[in-house]
Amino acid sequence: MTDPSGPVSSAPSLRDVFVLLASLVITFAGARYASSLLVPLLLAVFIAIICASPISSLKQRGLPGWLASIVVGAFALFLLLLMGALLGRAGGAFIGELPGYQQQFQVLMSGWLNWFSQRGLELDTNAMSGMLNPATALGFFGSFLSGLGDVLANFVLILFTVVFILADAPSFPGKMAGGESQGYHRYMAAFQDLVQAMNSYIVTKALVSLLTGGLIWLGLALLDVKFAVLWAFLAFLLNFVPNIGSTVAAVPAVLLSLLDMDPLLTGGIIVLYLLVNTLVGNVIEPRWMGQRVGLSTLAVFLSLIFWGWMFGPVGMFLSVPLTMTVKFLAMQNPSTIWISVLLSNEAGDVSLADEVITGDSEVS
């Protein structure tokens, strides 16, 4: 007779897998339908996690909790307002000069077509203009910033949500202890590890992104590039997007420098972005980040696509923390442990999964 506590019973059946996948489809479909409500809440949680570390540091220095929250909240609000003012000014100036860049593009395109025509290669002017139009290339950034603008339209909702999250955070462990169960201590230990890992990732990523934006602004200012503040802010934002964000951030500055027909300037911008991304991404960020987030490279890339489709720009920013949360939730149930293992990049998670399954078998 088969032992019910053995590995055969702990393995999910094919029916259980299909039921789980169907449940996930329904859940994610509902989340996408309610994205207009969930996106501001997710952004509020993101900001609250960033603010939690300085608040904790101020409390350790003797400041009362309420005063530390006010100081950090006021400073964060000041930064957001300052950032919005600078971005609005630079963005308005950029939009005002777009017609001039369009004319420069037509002149540059005519020169290229004449060069090819003199060598016996006739090209369709309309087709080439459509394929190489900078407006098409910059359309992604327009929709990207437009999506952020839609989110920031709920600024008051986000601000109040952050305040209430920070105010209620100290009482959360006590509330969880009130519903103590047999697996409470294990769940709470795993949850605390998740919160600590997410806090470390988000805060470090914010500092790294700030450093990236600062270096890009300094380099572009020294090269006398127009709209250096706008491109630096874009580099700061897109650095939160894993794998491709820092590279995509260089595209608009390089494209517009091509319109000035200055090869030295274009080469300088490319070298600047390569140096900053190499220094920050390969040297500074790994040292600051410390421990890895525990996700495979494929999982990070696919999560970028999936959460971006689900929640737009905010989903791209939060793709790693959201996937870390999914991995944590999957780790808590033996029937979903395989999802956590697939997302993981650490062999140790497989042995941890075995411990979770064994522990649940013993409890039952």
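Residues numbered from 1 in each chain as written. Predicted model: local features only at pLDDT ≥ 70, side-chain atom pairs only at ≥ 80, totals over all residues. Heavy atoms only, no water.

Peer 1: Provide a residue-level description of the overall build of the chain, including the pertinent values.
Peer 2: Per the secondary structure count, the chain includes 19 helices and zero strands. Considering only intrachain contacts with a sequence separation of at least 6, the fraction spanning at least 24 residues in the chain is 70%. A total accessible area of about 20,800 Å² is found for the chain, and carbon and sulfur atoms account for 70% of it. (Helix = DSSP H or I, 4+ residues; strand = E, 2+ residues; numbered from the N terminus. Contact = heavy atoms within 4.5 Å. Areas by Shrake-Rupley, 256 points an atom, 1.4 Å probe, with all protein chains shown as cover.)

Peer 1: Run through the packing of helix α2 (residues 14-33) against helix α15 (residues 297-311), naming residues and quoting values.
Peer 2: Closest axis-to-axis distance for the α2/α15 pair is 8 Å, and the angle between their directions is 50°. Relative to α15, the element α2 lies oblique. Judged by residue contacts, F28, A31 and R32 of α2 engage F306, W307, W309, M310 and F311 from α15. The class makeup of the residues in the contact of α2 with α15 is seven nonpolar, no polar and one charged. (Axes fitted to C-alpha atoms, helices over the stretch in contact; angles between N-to-C directions. Parallel < 35°, antiparallel > 145°, perpendicular 65-115°, else oblique. Nonpolar A, V, L, I, M, F, W, Y, C, P; charged D, E, K, R; others polar.)

Peer 1: So what about the packing of helix α3 (residues 35-60) against helix α8 (residues 155-168)? Which residues, and what values?
Peer 2: Closest axis-to-axis distance for the α3/α8 pair is 8 Å, and the angle between their directions is 50°. The orientation of α3 with respect to α8, classified from their angle, is oblique. For α3 against α8, the interelement crossing comes out right-handed. Between α3 and α8, the residues in contact are P40, L41, L43, A44, V45, I47, A48, C51 and I55 and L157, I158, T161, V162, I165 and L166, respectively. Class assignment for the residues of the contact of α3 with α8 results in 14 nonpolar, one polar and no charged. (Left-handed = near helix turned anticlockwise from the far one by under 90°.)

Peer 1: An account of the side chain of S319 is requested, with residue identities and associated values reported.
Peer 2: Relative to the elements of secondary structure, S319 occurs in helix α17 (residues 319-331). Given a relative accessible area of 0%, S319 falls into the buried group. (Buried < 20%, exposed > 50% of the residue type's maximum accessible area, 1.4 Å probe, protein only.)

Peer 1: Describe the environment of L302, naming the residues involved and giving the relevant values.
Peer 2: With respect to the helices and strands, L302 occurs in helix α15. L302 gets classed as partly exposed once you look at its relative accessible area, which sits at 46%.

Peer 1: I'd like a description of helix α11 (residues 228-238), backed by residues and values.
Peer 2: Burial runs high along α11: ten of the eleven residues are buried. Along α11, the residues classified as buried are A228, L230, W231, A232, F233, L234, A235, F236, L237 and L238.

Peer 1: Give a description of the nonpolar core that names residues and reports values.
Peer 2: The biggest cluster of nonpolar side chains holds 68 residues, and the ones touching the most others in it are I216, L220, W231, I269, Y273 and F311. Per-element tally for this core: the top contributor is α11, with ten residues. (Core = buried A, V, L, I, M, F, W, Y, C linked by side-chain atoms within 4.5 Å.)

Peer 1: Please give an account of the packing of aromatic side chains that cites residues and values.
Peer 2: Counted according to the given criterion, the structure contains eleven aromatic pairs. Seen from their ring centres, F28 and F306 are 5.1 Å apart, and the 75° between their planes marks the pair as edge-to-face. Taken together, the residues span a long stretch of sequence, with F28 in helix α2 and F306 in helix α15 at a distance of 278 residues. Of the residues examined, F28 reaches a relative accessible area of 24% and is grouped as partly exposed. Members of the aromatic cluster, joined through ring pairs, are F28, F306, W307, W309 and F311. (Phe/Tyr/Trp six-rings, centres within 6.5 Å; stacked < 30°, edge-to-face > 60°.)

Peer 1: Pulling in residues and values, what's your account of the confidence of the model for the chain?
Peer 2: Looking at the chain, pLDDT values average 74 and 67% of them are 70 or higher. Segment residues 1-9 is flagged for pLDDT under 50; beyond a separation of four residues in sequence, or across chains, it makes two contacts in the model. In the model, residues 360-364 has pLDDT below 50 throughout and makes five contacts with residues more than four positions away in sequence or in other chains. (pLDDT = per-residue confidence, 0-100.)

Peer 1: Any details on unusual backbone geometry? Residues and values, ideally.
Peer 2: Residue D224 is not a glycine yet carries a positive backbone phi of 60°. Along the chain, D224 falls in the loop between α10 (184-222) and α11. Phi at F227 is positive, roughly 60°, even though this residue is not glycine. For F227, a relative accessible area of 12% translates into the label buried.

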